[in-house]
Each structure stands twice: as C-alpha cells, then as structure tokens.
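Survey of secondary and tertiary structure
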Amino acid sequence: MDSTSTRAGVLAIAGLDPTGTAGLAVDLRTFAAFGVHGLAVATVVTAQTTSEFLLGSPVGPEVVSAQLDALLDDIEPLAVKVAMLWSAPVAEAVATACERTGLGNIVIDPVLADGDGNRIVDPAVDDVYMHRLIPAASVVTPNWVEAGYLLEREISSLDDAIAAATDILDLGARAVVITGGGRSAEAKCARSVPDREVVDVVATPAGHSLVRHERLTESNVRGSGDTLSSAIAAGLALGSELGEAIDDAQKFTRSSIERGLADGLGSGRPSVHPPSRR
C-alpha cells in the first residue's frame with residue numbers, strides 16, 4: 001500500500017444504479033463535495049428507475065476480490081463505506097478483504113430493501129454483516145426497516161428503534177445511527193413518531209440521543225442513506241472525531257435532500273443533490 005500520499009482516499013463498496021441517484025454515483029459525488037478522492041468497488045449491477053427497483057445482478061465474488069486486492073495493494077484508503085453486497089459470497093469476499101488489510105474507519109450502510117421497504121437482498125448476507133462487518137465498524141447506519149431485518153424483529157416504535165440501536169452497538173461497532181427516512185418505507189415502523197417529524201437514533205457506548213428533523217417530504221428520498229454514510233466516511237478520513245463526523249454528515253444530508261427537492265430529477269421519487277463544500 002502507498003502510505004506516502006497526503007490526498008485522502010475514501011473507498012465505497014456498493015452497487016451501480018443507472019439513474020445516478022443512489023449507490024456508487026452518490027457516494028462519489030459526496031466524496032467530491034468533501035474534497036476527498038473517491039475509490040470505488042462495484043458489488044452489483046442494478047436495473048432501476050427513480051420509481052422502482054427492477055433487477056440486480058451481482059458481480060462475481062472473485063471479481064470483487066480482485067478489485068479489492070488490486071486497489072488495496074496500491075492505495076490505502078483512510079475510510080471505507082460498505083453498502084449493498086447482494087449475495088453472501090460477495091459479502092464474504094468484502095469481509096475477508098477488510099480483515100486481511102486491517103482497514104479502519106469502516107462505515108456500514110446495510111442496504112437490504114428498496115424504497116418501499118421490500119427485501120431485495122439475499123437474507124444470507126445478514127449473517128456476514130452481523131458477525132464479520134459490524135463488529136469491525138466505526139459506524140453502522142441502517143434505517144428502521146433494515147435494522148429490523150438485521151435483528152429479525154419488527155421495529156414499530158421509537159423505543160424499539162432505541163433498543164435496536166443498542167443491540168447493534170453491542171456487536172462491536174463504535175456508533176450506530178438508525179435513520180428515520182421516508183413514510184413510504186417506514187410508516188409501519190414509525191407509529192410513535194409525529195407525522196411531520198423524522199427522528200434518527202444515535203447510539204454510542206456513552207448512551208443514545210435522538211436527532212429530530214422536520215419531515216420535508218412524504219416520500220423516501222433516493223440516495224439519502226448513501227449520502228449520510230459516505231459523508232460520515234469522508235469526515236472520518238479528514239480527521240473528524242466520530243460524533244463530529246456524524247453530526248456534520250446529518251447536516252450535509254439534510255442540505256442534499258433540500259437541494260434535491262428543489263431541482264427534481266426523473267419521474268419517480270425525489271433524490272439527493274449533494275452541495276459543494278469547497
């Protein structure tokens with residue numbers, strides 16, 4: 001690995017979305033906004049619109065391993081964001097690479113469902129997240145639905161979300177952020193949250209806090225989870241403390257949602273439009 005460069009490289013391990021409103025495209029735009037160099041490893045190629053998820057075809061685990069081996073033998077990223085892994089063999093390949101190279105500042109965004117909360121990823125992936133990736137993570141950022149899938153239980157209240165964040169933290173992560181999100185995906189999980197409010201649960205070993213925002217739209221905003229996790233990774237790469245990186249990323253994501261709602265793209269759900277920070 002090259003440890004002589006002063007340019008901060010941040011790696012995104014995620015899927016390809018042809019609309020550019022989610023996945024690796026949003027990760028790289030977020031990295032650019034923070035002024036860090038984006039590195040990318042593709043795990044799945046998808047067919048989707050801004051309205052619906054249609055198809056996913058995983059990149060072979062041997063190809064994912066080859067991408068990671070080539071990259072990590074050349075460049076040492078200062079942070080890593082791991083998102084959609086799609087299949088257990090791909091997830092195992094990613095976990096093995098992270099363990100082999102001792103990567104730090106790992107942010108896990110366990111993309112398991114589409115914008116309506118429907119499961120799209122092989123459930124066998126959950127075991128890899130829970131037992132190999134999350135224990136090594138700095139931050140884990142599921143939404144309410146994904147946290148429920150990981151823990152195999154319904155999250156139907158804010159108290160449930162707080163308990164879920166604590167249980168995921170107990171796996172070994174340094175922090176957990178369970179995000180509020182859009183009504184279309186999470187109405188069944190957010191009955192204890194006021195209609196015009198979004199609540200994120202942030203848990204660390206010191207305890208938990210609730211971050212409340214005004215709800216800007218009833219729809220799930222495409223790319224908001226990608227933006228949050230990538231912004232946290234970028235902040236960690238730039239030397240921010242964990243709490244500062246999370247707080248800054250939440251503000252950045254909020255701004256990205258506001259810009260996306262103001263200048264819509266496509267005919268489906270609204271999508272984020274990350275602002276420049278330079």
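As the structure is a computational prediction, the values presented were derived from the model and not from experiment.

A complete count under the given rule lists two aromatic pairs for this structure. Seen in terms of ring centroids, F53 and W86 are 5.8 Å apart; in terms of plane orientation they differ by 25 degrees. Their pairing is stacked. Taken together, the residues F53 in strand β3 (residues 53-58) and W86 in the loop between β4 (79-82) and α3 (88-101) connect sequence positions 33 residues apart. Overall, F53 belongs to the buried group, its relative accessible area being 19%. Overall, W86 belongs to the buried group, its relative accessible area being 14%.

Attention now moves to the pattern of salt bridges. If you walk through the whole model with that rule in mind, you get ten salt bridges. Taking the shortest distance from any N to any O, the salt bridge between D247 and K251 comes out at 3.1 Å. Placement of both D247 and K251 in helix α9 (residues 242-262) is noted, with a separation of four residues, approximately one turn of the helix. Overall, D247 belongs to the partly exposed group, its relative accessible area being 37%.

Bridging between strand β1 (residues 9-16) and strand β2 (residues 37-48) involves eight bridges; their strand directions are parallel. Residue pairing in the sheet places A12 in a bridge with A40 of β2. From the end of β2 to the start of β3, which pair antiparallel, there are four residues.

To continue, consider the packing of helix α5 (residues 144-151) against helix α6 (residues 158-169). The packing of two helices is summarised by the inter-axis angle and the distance between the axes. Put simply, α5 and α6 touch, their axes get as near as 10 Å, and they point 55 degrees apart. Relative to α6, the element α5 lies oblique. Judged by the twist between their axes, the crossing of α5 over α6 is left-handed. Each of W144, A147 and L151 in α5 lies in contact with α6, whose residues at this interface are L158, A161, A164, D167 and I168.

Its place among the elements puts H213 in strand β9 (residues 207-214). Of the polar contacts made by the side chain of H213, one reaches the side chain of D200; its length is 3.4 Å. Apart from the residues within four sequence positions on either side, H213 is in contact with R196, E197, V198, D200 and R254.

Our next topic: the packing of α3 against helix α4 (residues 124-133). Between α3 and α4, the shortest axis-to-axis distance is 8 Å and the interhelical angle comes to 15 degrees. With respect to α4, the axis of α3 lies roughly parallel. Every pair of crossing elements has a handedness; the one defined by α3 and α4 is right-handed. Each of A88, A91, E92, V94, A95, T96 and E99 in α3 lies in contact with α4, whose residues at this interface are A124, V125, V128, R132 and L133. Of the residues assigned to the contact of α3 with α4, the class counts are eight nonpolar, one polar and three charged.

What counts and how
- Residues numbered from 1 in each chain as written.
- Predicted model: local features only at pLDDT ≥ 70, side-chain atom pairs only at ≥ 80, totals over all residues.
- Heavy atoms only, no water.
- Phe/Tyr/Trp six-rings, centres within 6.5 Å; stacked < 30°, edge-to-face > 60°.
- Helix = DSSP H or I, 4+ residues; strand = E, 2+ residues; numbered from the N terminus.
- Buried < 20%, exposed > 50% of the residue type's maximum accessible area, 1.4 Å probe, protein only.
- Salt bridge = Lys/Arg side-chain N within 4 Å of Asp/Glu carboxyl O.
- Pairing = 2+ DSSP bridges.
- Axes fitted to C-alpha atoms, helices over the stretch in contact; angles between N-to-C directions.
- Parallel < 35°, antiparallel > 145°, perpendicular 65-115°, else oblique.
- Left-handed = near helix turned anticlockwise from the far one by under 90°.
- Contact = heavy atoms within 4.5 Å.
- Polar contact = N/O pair within 3.5 Å; in protein donor to acceptor, adjacent residues only side chain to side chain.
- Nonpolar A, V, L, I, M, F, W, Y, C, P; charged D, E, K, R; others polar.

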